Amino acid sequence: QVQLVESGGGLVQAGGSLRLSCAASRSTFTINAIGWYRQAPGKERELVAAIVSGGSTNYAESVKGRFTISRDNAKNTVYLQMNSLKPEDTAVYYCNAQIWVAIQRYEYWGQGTQVTVSS
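All values reported here derive from a predicted model rather than from experimental measurement. (Residues numbered from 1 in each chain as written. Predicted model: local features only at pLDDT ≥ 70, side-chain atom pairs only at ≥ 80, totals over all residues. Heavy atoms only, no water.)

**Q** How should I be thinking about the side chain of E6 in this particular structure?
**A** Relative to the helices and strands, E6 resides in strand β1 (residues 4–7). It is R45 that comes nearest to the buried, bridge-free E6 among opposite-charge side chains, at 7.8 Å. Only 2.8 Å separates the side chain of E6 from the backbone nitrogen of C95, close enough to count as a polar contact. For E6, the residues in contact, after removing those within four places along its chain, are S21, W36, Y93, Y94, C95, G110, Q111, G112 and T113. (Helix = DSSP H or I, 4+ residues; strand = E, 2+ residues; numbered from the N terminus. Buried < 20%, exposed > 50% of the residue type's maximum accessible area, 1.4 Å probe, protein only. Lys, Arg positive; Asp, Glu negative; His and termini not counted. Salt bridge = Lys/Arg side-chain N within 4 Å of Asp/Glu carboxyl O. Polar contact = N/O pair within 3.5 Å; in protein donor to acceptor, adjacent residues only side chain to side chain. Contact = heavy atoms within 4.5 Å.)

Below, the structure is given as structure tokens:
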């Protein structure tokens with residue numbers, strides 16, 4: 001019931017910046033939690049950052065101080081600002097949304113956007 005579309009990926013040099021966007025087909029007021037995950041070749045998908053409806057955020061230790069997650073409810077969009085990028089940040093980045101209804105939880109994924117950081 002929720003469609004997610006990521007954008008903003010690309011090729012940058014180490015030390016550069018990118019801003020990823022996740023556009024949702026449903027008001028972000030009604031989405032309980034949205035997060036960014038990434039998956040590099042040969043590695044498991046990992047949580048990068050998350051934000052819940054109350055505004056609390058959570059970050060992977062490897063990106064603290066460099067990445068910032070935020071949301072614009074008027075635009076139904078969540079952003080991931082990535083600064084001081086490193087080659088190890090290279091991965092496909094996915095947007096994830098969770099909706100809690102009664103005792104049920106529903107999860108949705110976007111198609112992903114490629115981020116490549118050159119050394």
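Moving on from the coordinates now.
**Q** Quick question: what am I supposed to make of the environment of R19 here?
**A** Residue placement: R19 occurs in strand β3 (residues 18–24). Given a relative accessible area of 47%, R19 falls into the partly exposed group. Each C-alpha atom of the pair R19 and L80 lies 5.6 Å from the other, and the pair is 61 residues apart in sequence. For R19, the residues in contact, after removing those within four places along its chain, are S7, G8, Y79, L80 and Q81.

**Q** Can you help me understand the pairing of β3 in this one?
**A** A regular strand places its side chains on the two faces of the sheet in alternate fashion. Where burial is concerned, most of β3 is hidden: five out of the seven residues are buried. Bridge count for β1 against β3 is four bridges, and the pairing is antiparallel. The partner of V5 across the bridge, within β3, is A23. Of the pairings in the sheet, the one linking β3 to strand β8 (residues 77–82) comprises six bridges and is antiparallel in character. Bridging from a neighbouring strand, L20 pairs with L80 of β8. (Pairing = 2+ DSSP bridges.)

**Q** What is the right way to look at the pattern of salt bridges in this model?
**A** Pairing is possible between side chains of opposite charge, provided their charged atoms come close. The full count for this structure, using the stated rule, is four salt bridges. The salt bridge partner of K64 is E61, with a shortest N-O separation of 3.2 Å. Judged by relative accessible area, which is 47%, K64 ranks as partly exposed. Taking relative accessible area as the criterion, E61 reaches 63% and is therefore assigned exposed. A salt bridge links D89 to R66, with the shortest nitrogen-to-oxygen separation between them at 2.9 Å. Note that D89 is positioned in the loop between β8 and β9 (91–101) and R66 in the loop between β6 (57–59) and β7 (67–72), a separation of 23 residues in sequence. Both residues of the pair, D89 and R66, count as buried. Connected via shared salt-bridge partners are R38, E46, R66 and D89.

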